[in-house]
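Residues per chain are reported as follows:
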Amino acid sequence: MEAVKKKRRVIPGYLIYELRYGKPIYYKDYDKVLRGELSPEDIMGSSFLQASLVALIVAYLHSVVDKKKYIVATNELGYRFAPKSRYSLDIAIVEREKVKEPSDSYLQVPPKVVIEVDTKADLRRFPSAEDYYFMKTKDLLQACVERVLWIFTRERLVLVAQKGERWFITDWRDTVEVMEGVPLNLEKLLQET
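So, here's what we can say about the structure.

Scoring rules and cut-offs
- Residues numbered from 1 in each chain as written.
- Predicted model: local features only at pLDDT ≥ 70, side-chain atom pairs only at ≥ 80, totals over all residues.
- Heavy atoms only, no water.
- Helix = DSSP H or I, 4+ residues; strand = E, 2+ residues; numbered from the N terminus.
- Rg over C-alpha atoms; globule rule 2.2 N^0.38 Å.
- Buried < 20%, exposed > 50% of the residue type's maximum accessible area, 1.4 Å probe, protein only.
- Contact = heavy atoms within 4.5 Å.
- Areas by Shrake-Rupley, 256 points an atom, 1.4 Å probe, with all protein chains shown as cover.
- Lys, Arg positive; Asp, Glu negative; His and termini not counted.
- Charge placed at Lys NZ, Arg CZ, Asp CG, Glu CD.
- 1 Å grid on protein atoms, 1.4 Å probe; cavity = no way out; pocket = protein on both sides within 12 Å on 5 of 7 lines; lining within 4 Å.
- Points joined across faces, edges and corners; volume = space filled by probe spheres on them.
- Nonpolar A, V, L, I, M, F, W, Y, C, P; charged D, E, K, R; others polar.
- Right-handed = clockwise from strand over helix to strand, strands pointing away.
- Pairing = 2+ DSSP bridges.

## Focus: the overall build of the chain
Now for step 1: Looking only at helices and strands, the chain has 5 helices and 10 strands in total.
Now for step 2: Taken against the 2.2 N^0.38 rule, which gives 16 Å for 193 residues, the C-alpha radius of gyration of the chain at 18 Å falls within 12% of a compact globule.
Now for step 3: With respect to the principal axes defined by its C-alpha atoms, the chain has extents near 70 × 35 × 30 Å.
Now for step 4: Counting every position in the chain, which comprises 193 residues, the buried fraction comes to 46%.
Now for step 5: Pairs at least 24 residues apart make up 54% of the contacts formed inside the chain by residues separated by at least 6 positions.
Now for step 6: Carbon together with sulfur atoms contributes 51% to the accessible area of the chain, which is approximately 11800 Å² in total.
Now for step 7: With 32 positive and 29 negative side-chain charges, the chain shows a spacing of 5 Å between the two charge centroids.

Encoded structure:
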């Protein structure tokens, strides 16, 4: 009897959220799109809380960051941190001197600061969700990003990571430093709106 070969399903590129050294990280629930249960738009959008937080943080940063020195970028900014690798960034603070002007390609230079609010990545291929968060954070720091902040909405926690410094996790009530001279207190920011 002839062995039956199983056909491998090709996953369309539009379901790839990020790419790490040539290996895809898919959008959460990409398999439901493949089965026709959800549309691509259903899995690519942000939650209202995530979008609101990103908007609040960006508005705040625009009011306190020196616009002559920095660009505050958002909207899942594509960042190529290594060959065959790209991450989507919720918020990035980029030094103006490193980019002549915004272009229509992915960012090629490391931002000074990256702020992530939750993730749209499918985490089932990771031993735990923390493995993804820590991997992405380490990659960004190794690519010369100075500081990475993760905001976790369900837990109402903030992870602060800086190269060569001790990482720490705190809650939204605490003020954390985005960069020198730029404090951020999420609870206060939410109460002011």
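Back to the write-up after that little detour.
## Regarding the layout of surface pockets
If a probe the size of a water molecule is rolled over the atoms, the empty space left behind becomes visible.
Now for step 1: Of the volumes computed, that of the largest pocket is approximately 630 Å³.
Now for step 2: Of all the secondary structure elements, the ones that give two or more residues to the lining of the largest pocket are α2 (40-44), α4 (129-142) and β7 (157-162).
Now for step 3: The greatest single-element share of the lining of the largest pocket, amounting to 4 residues, is contributed by α4.
Now for step 4: Per-class residue counts for the lining of the largest pocket are 10 nonpolar, 6 polar and 10 charged.
Now for step 5: One number sums up the size of the second largest pocket: a volume of about 290 Å³.
Now for step 6: Taken together, 14 residues line the second largest pocket, and the ones lying closest to its centre are Leu77, Pro102, Ser103, Ser105 and Leu107.
Now for step 7: Broken down by element, the lining of the second largest pocket gets its largest block of residues, 4 residues, from strand β3 (residues 70-82).
Now for step 8: Taken together, the residues that form the lining of the second largest pocket break down as 9 nonpolar, 4 polar and 1 charged.

## Quick look at the pairing of strand β6 (residues 147-152)
Side-chain direction in a regular strand flips from residue to residue, so the side chains alternate between the two faces of the sheet.
Now for step 1: Within β6, 6 of the 6 residues are buried, which leaves the element mostly enclosed by the surrounding structure.
Now for step 2: Side chains Arg147, Leu149 and Ile151 of β6 all project onto a buried face; the interleaved residues Val148, Trp150 and Phe152 project onto the opposite face, where all are buried too.
Now for step 3: The parallel pair strand β5 (residues 113-117) and β6 is bridged by α4, and the resulting crossover is right-handed.
Now for step 4: The pairing of β6 with β7 spans 6 bridges and is antiparallel. Counted as the bridge partner of Leu149 is Val160 from β7.
Now for step 5: Hairpin connection from β6 to β7: 4 residues lie between these consecutive antiparallel strands, with Arg156 at a positive phi of about 55°.

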